Amino acid sequence: MRYLFLTILISMQLFASLEEITSFEADFTQSITDEKDKTLTYSGHIVALKPQNVKWSYKEPVEKDVYINRFEVTVVEPEIEQVIIRRLESNFDFFKIISNAKKVEENKYLAYYRDSKFTIIKNKSFIESISYLDEFENRVKITFKNQKQNQTIDETVFKPIFPLEFDIIRD
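All residue numbers here refer to positions counted from 1 along the written sequence of the relevant chain. Totals for whole chains, interfaces and linings use all residues, but because this is a predicted model, local features are given only for residues with pLDDT of at least 70 and pairs of side-chain atoms are given and counted only at 80 or more. Neither water nor hydrogens contribute to the side-chain values; these are computed over all heavy atoms in the structure.

Colleague: Hey, could you run me through the overall build of the protein chain in this one?
Modeller: Across its full length, the protein chain carries two helices and twelve strands. We count a stretch as a helix when DSSP gives it H or I for four or more residues in a row; a strand needs E for two or more, and each element gets its number in order from the N terminus. Walking the protein chain from its N terminus toward its C terminus, one meets helices and strands in the order α-β-β-β-β-β-β-α-β-β-β-β-β-β. Only protein chains enter the accessibility calculation, which uses a 1.4 Å probe; a residue whose area is less than 20% of its type maximum is buried, one above 50% is exposed, and one in between is partly exposed. Counting all 171 residues of the protein chain, 47% fall into the buried class. For this analysis, residues touch if any pair of their heavy atoms sits within 4.5 Å. Sequence-distant contacts in the protein chain: of pairs separated by 6 or more residues, those separated by 24 or more amount to 51%. Surface exposure here means Shrake-Rupley accessible area, sampled with a 1.4 Å probe, where a residue is shielded only by the protein chains that are shown. Within the structure as shown, the protein chain displays about 9,300 Å² of accessible surface, and the carbon and sulfur contribution to it stands at 48%.

Dropping the structure here:
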């Protein structure tokens, strides 16, 4: 479930220092490097909408969709025909947390959440990357491309879709 925790934290940091953003969409590359310098790289697409709706669509190396809202996270993994639904431990307010990010250098911001420090790099008005250490001391970096902000997003995008025959695991 490590990716689940990472996804939640990343989602909370997506809008740091850009309080006026009401929606965000981008392609992403996520690199996770362990203490032995072994790196796993994922890529996909993210769509997010205030107040707390996020859909991470992982395309490589494995397909899966991660849906996050105020109350739960749903992970749909087609390759193993499984859905994991987990209640969030608390009612996260992603945008409120992110609005606390502080500018430390030109285009560089720091945000703190649950004893973790996030470094956010901006390029003009767009977030270019987010870096942090996860709970296992892995170095995580997410880089965004083809960013779009404040565009209309159909809220049905955030409703998990999966075949009824998939195994459903509720945590």
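Colleague: Quick question: what am I supposed to make of the side chain of Gln147 here?
Modeller: By secondary structure assignment, the location of Gln147 is in strand S11 (residues 139-149). Engagement of the side chain of Gln147 in a polar contact is seen with the backbone oxygen of Ile127, the distance being 2.8 Å. Contacts described as polar in this section are N or O atom pairs within 3.5 Å, which, within protein, must combine one atom able to donate a hydrogen with one able to accept it, while residues neighboring in sequence count only if both atoms come from side chains.

Colleague: Mind showing me how you'd approach the packing of aromatic side chains here?
Modeller: Where two aromatic rings form a pair, the distance of their centres and the angle of their planes describe that pair. Pairing of aromatic side chains requires ring centres within 6.5 Å, counting the rings of Phe and Tyr and the six-membered ring of Trp. Pairs whose planes differ by under 30 degrees are stacked, by over 60 edge-to-face, and all others tilted. With the rule as written, the count across this model stands at six aromatic pairs. Note on Phe28 and Tyr58: the rings are 5.3 Å apart at their centroids and 85° apart in plane angle, and the pair reads as edge-to-face. Here the residue Phe28 occupies a position in strand S1 (residues 23-33), and Tyr58 occupies one in strand S3 (residues 53-60), the gap between them amounting to 30 residues. Across this residue pair, the class does not change: Phe28 and Tyr58 are buried. Measuring from ring centre to ring centre gives 6.5 Å for Trp56 and Tyr58, while their planes differ by 25°; the resulting arrangement is stacked. Within the aromatic cluster, the residues linked to one another by ring pairs are Phe28, Tyr42, Trp56 and Tyr58. Above the ring of Tyr58, the side-chain terminus of Lys64 is found at 5.6 Å from the ring centroid. Look at NZ for Lys and CZ for Arg. If either is within 6 Å of the ring centre and within 35 degrees of the ring normal, a charge sits over the ring.

Colleague: Even after reading the chapter, I still don't get the environment of Glu137, so can you show me in this structure?
Modeller: You can see Glu137 is positioned in the loop between strand S10 (126-133) and S11. The sequence separation of Glu137 and Asp34 amounts to 103 residues, and the corresponding C-alpha distance is 7.2 Å.

Colleague: How should the sheet that holds strand S12 (residues 167-170) be read in this particular structure?
Modeller: One bridge is not enough; two strands pair if DSSP finds at least two bridges between them. Read from one edge to the other, the open sheet built from twelve strands follows the order S7-S8-S9-S10-S11-S1-S2-S3-S4-S5-S6-S12, with strand pairing classed as mixed. Only two strands of the sheet have a single partner each, and these edge strands are strand S7 (102-105) and S12. Recorded for the sheet is a direction-independent mean angle of 20° between the axes of neighbouring strands. Looking at chain direction, strand S8 (residues 108-113) and strand S9 (residues 116-123) are connected through six bridges and run antiparallel. Lines fitted to C-alpha atoms define the axes, with helix axes restricted to the stretch in contact, and inter-axis angles between N-to-C directions lie between 0 and 180 degrees.

Colleague: Explain the environment of Val157 to me, please; I cannot follow it from the model alone.
Modeller: Note that Val157 resides in the loop between S11 and S12. When the C-alpha atoms of Val157 and Asn53 are compared, they prove to be 9.3 Å apart, with 104 residues separating the residues in sequence. Setting aside chain neighbours within four positions, we find Val157 in contact with Val47, Lys55 and Tyr67.

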